Amino acid sequence: MSAHLSAAPPPSVRVRAPGKVNLALRVGPVGNDGYHPLATIFQAVSLFEEVTATHSMPGSGISLTVSGPQADAVPTDETNLAWRAAALLAERTGLPADVGLHITKGVPVAGGMAGGSADAAAALLACDTLWDAGLPRQELVELAAELGADVPFSLLGHTAVGTGRGDLLTPAMTRGEFHWCFGTQREGLSTPSVFRRFDELAGPSTPDVAPAADDTELMHALRAGDAVALGKALHNDLEAPALDLRPELAAVLEVATDSGALGVVVSGSGPTVAALGRSRQHALALGAAWTAADVVDAVWCATGPAPGTQLITSISR
C-alpha cells in the first residue's frame, strides 16, 4: 500500500532500493520468445540507489537527473528504467506523468548488480507515494515485472529464489550476515551479448534448468548462516561467456581466490566479480588485494542480505 495517505501529497519523496548479487544463476536454452528460462538465487546487498521524486508543474512531464559514481554513464531520457517506471505508473493509474526524478547512484553501472532495476523499483514506490496513487504492493510488483526481470526482486530485497525470467520470486530463509567485496570495471558488459555468447558456447546441447537438485547445498548454507559452505556453492552459468568476452576477468577471480576468499563468482552477466569474505575486515582485505594487483577499476564492499525498496523521507511544505 502507498506509504503516504494524506489528501495532499508531499512535493518530494525519497526512496532507497538495493543492488543484488546472484548467488546462483542457472540458464536454460533460449525459448521461442527469445528469452532464456532462469533459476537464480538473489541476495540484496547494502549498496543502494536513491530516487527522489518531486512534483513538477502540470504538463511539464517527466525529467531526470543523476548524481554519484559513474553518473555520466546513465541515460537521462525515456530509455532510463526509472523514467519508464514513472511513465508506466502514470499510464496504469490515469494520473498525469508530471514529476522530476533524481537518481543518486550507489550501485555500479552496467556491472550485473541491477542498479537500473533498483532505480525502477525506487521510482515506482516514490511516484506511487508522491501521487498518492495507493497501489497495493502486489500491483507494484506486477508493474515491476513489466519493466524488467530483476525489478521485482529490487522491491522485495533480502534473499529470494527467482524462476521464469527471474521475476517469479520465492523468499529464501537465511541466517546471519554475509560480507562481500565487489570488483568493478570501467567498461561494462552488455547483458544481451553475454547471453548470445552463452548460446554460442553451449550450442544445441544446453540442458534444461534444474535448480532444485543443483542448489540444495547453497540453500542449506543460507539457512545455517554458513559462509564457508555458501562460498563453495556459488555458481553462475554466465561466468564462462563473460570470461570469454573479457578474458582479463580471470585475473580478478584468481587474485581473490589467492587472497583467501570463501568463494568468487562473476555477478550476473558481469563484468563485476563478487568475492565472499570471512568477515567485514576480510572483505576489505580482498578489495585491497584487487587494488594492489591493479585488476579492477573500483572496489565496493557490502553486506547481505539487505532490505528491499523503502521509503526514506516524504517532505511536505
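So, how was this worked out
- One numbering rule holds for all chains: residues counted from 1, following each sequence as written.
- Where local features are concerned, this predicted model is filtered to residues with pLDDT of at least 70; where side-chain atom pairs are given and counted, the filter is 80 or more; whole-chain, interface and lining totals use all residues.
- The basis for every side-chain value is the complete set of non-hydrogen atoms in the structure, without hydrogens or water.
- Working definition: with a 1.4 Å probe on protein chains only, accessible area under 20% of the residue-type maximum means buried, over 50% means exposed, and in between means partly exposed.
- Note on conventions: DSSP H or I runs of at least 4 residues are helices, E runs of at least 2 residues are strands, and numbering of each starts at the N terminus.
- Only strands joined by at least two bridges in the DSSP assignment are considered to pair.
- UniProt positions are given in the numbering used here, feature names are shortened, and annotations may be inferred rather than shown by experiment.
- Residues count as neighbours in contact if any of their non-hydrogen atoms are within 4.5 Å of one another.
- For our purposes a nonpolar core is just a set of buried Ala, Val, Leu, Ile, Met, Phe, Trp, Tyr and Cys residues, chained together by side-chain atoms within 4.5 Å.
- Polar contact criterion, stated in full: a pair of N or O atoms within 3.5 Å, where within protein one must be able to donate a hydrogen and the other to accept it, and residues adjacent in sequence count only if both atoms are side-chain atoms.
- For every residue, the predictor states its confidence as a pLDDT score lying anywhere from 0 to 100.

Draft legend 1. Representation of the pairing of strand β7 (residues 178-184). For β7, a buried count of 7 out of 7 residues is recorded, marking the element as mostly surrounded by other parts of the structure. Here β7 shows a buried face lined by F178, W180, F182 and T184 and a second buried face lined by H179, C181 and G183. The pairing of β7 with strand β11 (residues 298-304) spans 7 bridges and is antiparallel. Its bridge partner being in β11, G183 is matched across the sheet by V299. For β7 and strand β10 (residues 273-277), the ladder comprises 5 bridges, and the chain directions are antiparallel. Across the sheet, the residue bridging to H179 is G277, located in β10.

Draft legend 2. Molecular detail of the UniProt feature "domain: GHMP kinase N-terminal" (unreviewed entry) in the protein chain. As recorded in UniProt, the sites labelled "domain: GHMP kinase N-terminal" (unreviewed entry) are residues 80-157. A distance of 21 Å separates the end C-alpha atoms of residues 80-157, which is 59% helix and 8% strand.

Draft legend 3. Molecular detail of the UniProt feature "active site" (unreviewed entry) in the protein chain. Per the UniProt record, "active site" (unreviewed entry) is annotated on K20 and D150. Despite a sequence span of 131 residues, these residues sit close together in the fold, their greatest C-alpha distance being 9.1 Å. Examined against the element boundaries, K20 turns out to sit in strand β1 (residues 12-27). Residue classification places K20 among the buried positions, given a relative accessible area of 4%. Every residue in contact with K20, bar those within four places of it in the chain, is listed here: F42, Q43, A44, V45, G112, M113, A114, D150, F153, S267 and G268.

Draft legend 4. Structural view of the nonpolar core. Judged by nonpolar contacts, the single largest core of 40 residues is most densely connected at L89, V99, L101, L124, C127, W131 and L147. When residues of this core are traced back to their parent elements, those giving at least two are β1, β2 (38-55), β3 (62-67), α1 (81-93), β4 (99-104), α2 (115-130), α3 (137-147) and α4 (151-156). Other than its neighbours up to four places away in sequence, L89 contacts L124, C127, D128, W131, L135, L140 and L143.

Draft legend 5. A look at the environment of R165. With respect to the secondary-structure elements, R165 resides in the loop between β5 (159-163) and β6 (168-171). Taking C-alpha positions, R165 is 6.9 Å from H36, a pair spaced 129 residues apart along the chain. Ignoring sequence-local partners within four residues, the contact set of R165 consists of D33, Y35, L38 and A149. A polar contact is formed between the side chain of R165 and the side chain of D33, at a distance of 3.3 Å.

Draft legend 6. Up close: the confidence of the model for the protein chain. Of the residues in the protein chain, 92% have a pLDDT of 70 or more, and the chain-wide mean is 91. Every residue in residues 1-7 scores below 50 in pLDDT, and together they form 19 contacts with partners more than four places removed in sequence or on other chains.

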